[in-house]
Amino acid sequence: MNDMTFLDLGLPAGLVSVINKAGFTTPKPIQEQAIPVQLEGRDVLGIAQTGSGKTAAFGLPLITGLIAEGGRSLPKAPRGLVLAPTRELAVQIEETLRTFLRGSGLTTVLVFGGVPRRPQVNKLARGADIVVATPGRLKELLDTKCLTLAETRWLVLDEADRMLDMGFIRDVRRIVKATASNRRTALFSATMDPDVAELANGLLRDPVRIDVAPQGTTIEAIRQELLPTPGGSKRGRLANVLKGDDVTRAIVFTRTKRSADRVAKNLTTDGFAVAAIHGNKSQNARQSALRGFRDGKISVLVATDIAARGNDIPMISHVINYELPDEPDSYVHRIGRTGRNGATGAALTLFDPGERAKLKAIEKLIRKAIPLAEGEIELPQEDTKKSPDEGGRTKSRNRNRKPRRPSARSGRGRPARGQKRAEKGRAGAGSAPASMTPSV
Ligand code: AMP
């Protein structure tokens, strides 16, 4: 149980009250670790995944610094700068920071390419305290003197590994050079390899290193796919999936204990070696199930989210979401059970269209759409009983695309270099994703 509050981390009461109202009451691990050291003025090197809570981890110290300093930034001379690789990420960061800035009188501006420059230039000219930008457009505006970074004393680089993958290194270096020499810098990256380390070395002064990435796994390394399956067909579908040649050890996640028991019973009837673990099982029963799973006597573990926490679950080939969790964080927890130690991991979701709201929340958290598996088509929302081959209409998701095999890094659209990076980042023994707060 985590009793820490944002006040304990040293943030000012006014700001804490604003973030509490926004639903941030308990700090996430990365926030607990990164906020106090930044408030002391230290640089930070953070190894953290999407969804770990890193926006608040760098945003709150930045805002605290601006509030403590008082006043407003001069026209064209922001005091805070956050660099992000993509427009989507920049939009999300800016939205979050704007929420935190409520009532402070401080302002933000978004700067990214592909849209007219004029509105961004005008906003900068009026004076913005924090710029959230992608590197390309920001460099352009810097070169054309639409802004100066001479007053920028708080600098954040988010998803630095992706910025490198996307070829932004020269723009980033140029931008960083233009910032104030007495700046404080925070750099976040999902993976740490020599390229990122070299960039960090050049930018950070005696940084505090904070690592909350799930050890030995990266979300990018896991093949995530949707298998549209109406609720009534999930039993048969699950059995078929589990019969796949590549399924060596699988965890099937259910939303409730009752469902876990039912699924385990059905699978046993269908001839699988199964055990269920959930909150109603005794510690002994859980230990014995895990032992059986580890020894290979049991090939399928059916679990609720609460039971699947902890470090003692061995390497598995497949995570199967029989039902999506209520809390999006739990999805990340679940899939982090596979793809460890360099093994290929697959996370398959038997998706009933009635679960669409949950899927959307998860996709928002992980900032990508989970693709349909090869040959799959989307089921209509209205009639979840009828599968398409029974005459149900099909709609949307990959509507204009031929069903295709998603890449090994499913739908991530990341260049080969990034894939290698993801692989490199997967060395080491597995442990629970420290960055997520499980829901149950
Ligand atoms: P981030 O990694 O910053 O994009 O955060 C991932 C998600 O977690 C976002 O939806 C945030 O709103 C949420 N979040 C981050 N920190 C907290 C917190 N301390 N309490 C509740 N939600 C949080």
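The coordinates are above.
Model, not experiment: these values are computed from the prediction. For every chain, the first residue of the written sequence is number 1, and numbering continues from 1 along that sequence. Totals for whole chains, interfaces and linings use every residue, but because this is a predicted model, local features are given only for residues with pLDDT of at least 70 and side-chain atom pairs only at 80 or more, for both listing and counting. Only heavy atoms go into the side-chain values, all of them from the structure, while hydrogens and water stay out.

Enquirer: When you look at the overall build of the chain in this model, what are you seeing that I'm missing?
Expert: Numbering of helices and strands starts at the N terminus; helices are DSSP runs of H or I of at least 4 residues and strands are runs of E of at least 2. Assigned secondary structure in the chain consists of 15 helices and 13 strands. Each residue gets one of three labels from its accessible area relative to the maximum for its type: buried under 20%, exposed over 50%, partly exposed in between, using a 1.4 Å probe on protein chains only. Among the 440 residues that make up the chain, the fraction classed as buried is 55%. Residues are treated as being in contact if the distance between any of their heavy atoms lies within 4.5 Å. Expressed as a percentage of contacts within the chain between residues at least 6 apart in sequence, the contacts between residues at least 24 apart total 75%. Per-residue and other accessible areas were derived by the Shrake-Rupley procedure at a 1.4 Å probe size, with only the shown protein chains allowed to occlude residues. Carbon and sulfur atoms provide 50% of the accessible area of the chain, an area that totals close to 19000 Å².

Enquirer: Sorry if this is basic, but what is going on with the pattern of salt bridges here?
Expert: In a structure, side chains of opposite charge can pair up when their charged atoms sit close to one another. Within this document, salt bridges are pairs made up of a side-chain nitrogen of Lys or Arg and a carboxyl oxygen of Asp or Glu, the two lying within 4 Å of each other. Within the structure shown, the criterion is met by 24 salt bridges. In this structure, aspartate 206 engages arginine 42 in a salt bridge whose closest nitrogen and oxygen atoms are separated by 3.5 Å. Remark: arginine 42 occurs in the loop between α2 (29–39) and β1 (44–47) and aspartate 206 occurs in the loop between α9 (194–203) and β7 (208–211); sequence separation between them is 164 residues. Since its relative accessible area comes to 33%, arginine 42 is described here as partly exposed. Notably, a salt bridge pairs glutamate 355 with lysine 234, separated by 3.1 Å at the nearest N-O pair. Taken together, the residues span a long stretch of sequence, with glutamate 355 in the loop between β13 (345–351) and α14 (356–366) and lysine 234 in helix α10 (residues 234–242) at a distance of 121 residues.

Enquirer: Teacher, can you tell me more about the nonpolar core here?
Expert: Side chains that are nonpolar tend, in soluble globular proteins, to be buried together. Only buried residues count toward a nonpolar core, which is a set of Ala, Val, Leu, Ile, Met, Phe, Trp, Tyr and Cys residues joined through side-chain atoms within 4.5 Å. In this structure, Leu60, Val82 and Ile130 are the most contacted members of the largest nonpolar core, which totals 39 residues. If you list the elements that add at least two residues to this core, you get α1 (13–21), α2, α3 (54–69), α4 (87–100), β4 (130–133), β5 (154–157), β6 (184–189) and β7. In terms of residues, this core owes the most to one element, α3, which gives seven residues. Leucine 60 has contacts with Phe6, Leu11, Leu15, Ile19, Ile35, Thr55 and Phe100, leaving out every residue within four places of it along the chain. Within the second largest apolar cluster, 31 residues are counted, among which are Leu83, Leu141, Met163 and Ile175.

Enquirer: Which parts of the structure should I look at to understand the packing of aromatic side chains?
Expert: Any two aromatic rings considered together are summarised by their centre-to-centre distance and by the angle between their planes. Aromatic pairing here means that ring centres of Phe, Tyr or Trp (its six-membered ring) are within 6.5 Å. Orientation follows from the plane angle: under 30 degrees is stacked, over 60 is edge-to-face, and everything else is tilted. A full pass over the atoms with the stated rule returns two aromatic pairs. Geometrically, the ring pair formed by phenylalanine 58 and phenylalanine 188 is tilted, given 5.6 Å between the ring centres and 50° between the ring planes. Taken as a pair, phenylalanine 58 in helix α3 and phenylalanine 188 in strand β6 lie far apart in primary sequence, 130 residues in all. Like phenylalanine 188, phenylalanine 58 is buried. When the NZ atom of lysine or the CZ atom of arginine is within 6 Å of a ring's centre and also within 35 degrees of its normal, the charge is said to sit over that ring. Above the plane of the ring of tyrosine 322 lies lysine 234, whose end atom (NZ or CZ) is 5.8 Å from the centre. Positioned over the ring face of phenylalanine 293 is arginine 249, at 5.7 Å from the centre of the ring.

Enquirer: How should the sheet that holds strand β3 (residues 108–111) be read in this particular structure?
Expert: Two modes of strand pairing occur in sheets, parallel and antiparallel, and in both the strands are linked by backbone hydrogen bonds. Here a strand pair is declared whenever DSSP counts at least two bridges between the two strands. Pairing is parallel across the open sheet formed by seven strands, whose spatial order is β3-β4-β2-β5-β6-β1-β7. Of all strands in the sheet, those bounded by a partner on one side alone are β3 and β7. For this sheet, the mean angle separating the axes of adjacent strands, direction not counted, is 15°. Alignment of β5 against β6, held across four bridges, turns out to be parallel. If you follow tryptophan 154 over to β6, its bridge partner there is arginine 184. Axis geometry follows a simple rule: fit a line to the C-alpha atoms, using only the stretch in contact for helices, then measure angles between N-to-C directions, giving values from 0 to 180 degrees. Sheet strands touched by α4: β2 (80–83), β3 and β4. Its angle to β3, the strand with the most contacts, is close to 175°.

Enquirer: Got a minute to help me understand the site of the ligand in this structure?
Expert: Distances are taken per atom, and a residue is near a molecule or strand as soon as one of its heavy atoms is within 4 Å of it. Lining the immediate surroundings of the ligand are 14 residues, of which Thr26, Gln31, Gly53, Thr55 and Arg367 lie closest. Any N or O atom pair separated by 3.5 Å or less is treated as a polar contact, with the protein-specific requirement of one donor-capable and one acceptor-capable atom, and with residues adjacent in sequence counted only for side-chain atom pairs. For the ligand, an oxygen atom lies 2.8 Å from a polar atom in the backbone of glycine 53. At a separation of 2.7 Å, an oxygen atom of the ligand approaches a polar side-chain atom of threonine 55. Considered on its own, the ligand offers 490 Å² of accessible surface; in the complex 73% of this is hidden by protein.

Enquirer: Is there a simple way to think about the pairing of β6 in this case?
Expert: Each regular strand shows side chains that alternate between the opposite faces of the sheet. Counting buried positions along β6 gives five out of six residues, so the element sits mostly inside the fold. For β1 and β6, the ladder comprises four bridges, and the chain directions are parallel. The partner of valine 44 across the bridge, within β6, is alanine 186.

Enquirer: Even after reading the chapter, I still don't get the side chain of arginine 183, so can you show me in this structure?
Expert: The residue arginine 183 is located in the loop between α8 (169–178) and β6 in this model. Despite being buried, arginine 183 has no salt bridge partner; aspartate 43 is the closest side chain of opposite charge, sitting 6.1 Å away. A distance of 2.9 Å separates the side chain of arginine 183 from the backbone oxygen of leucine 203, its partner in a polar contact. In this count, Lys and Arg are taken as positive residues and Asp and Glu as negative ones, while His and the chain termini are left out.

Enquirer: Please explain the side chain of lysine 54 as it appears in this structure.
Expert: Of note, lysine 54 is situated in helix α3. Discounting chain neighbours no more than four positions away, the residues touching lysine 54 are Ile30, Ala48, Gln49, Asp158, Glu159 and Phe188.

Enquirer: Sorry if this is basic, but what is going on with the sheet that holds β13 here?
Expert: Here we have six strands laid out as an open sheet, ordered β8-β13-β12-β9-β11-β10, and parallel in their pairing. Looking at strand neighbours, the two that pair on one side only are β8 (222–228) and β10 (274–277), the edges of this open sheet. Taken over all neighbouring pairs, the strand axes of this sheet differ in orientation by 20° on average, direction set aside. Of the pairings in the sheet, the one linking strand β9 (residues 250–253) to strand β12 (residues 318–321) comprises four bridges and is parallel in character. Bridged to valine 252 within β12 is isoleucine 320. Docked against the sheet, helix α13 (residues 328–335) engages β8, β9, β12 and β13, running at close to 155° with respect to β12.

Enquirer: Got a minute to help me understand the pairing of β13 in this structure?
Expert: A large share of β13 lies buried, amounting to seven of its seven residues. Here β13 shows two buried faces, one formed by Gly345, Ala347, Thr349 and Phe351 and the other by Ala346, Leu348 and Leu350. Sheet topology note: the β8/β13 ladder contains seven bridges and is parallel. What sits directly across from glutamate 225, in β13, is leucine 348. Pairing analysis gives four bridges linking β12 to β13, with the strands arranged parallel. Looking across to β13, one finds that valine 319 is bridged to alanine 347.

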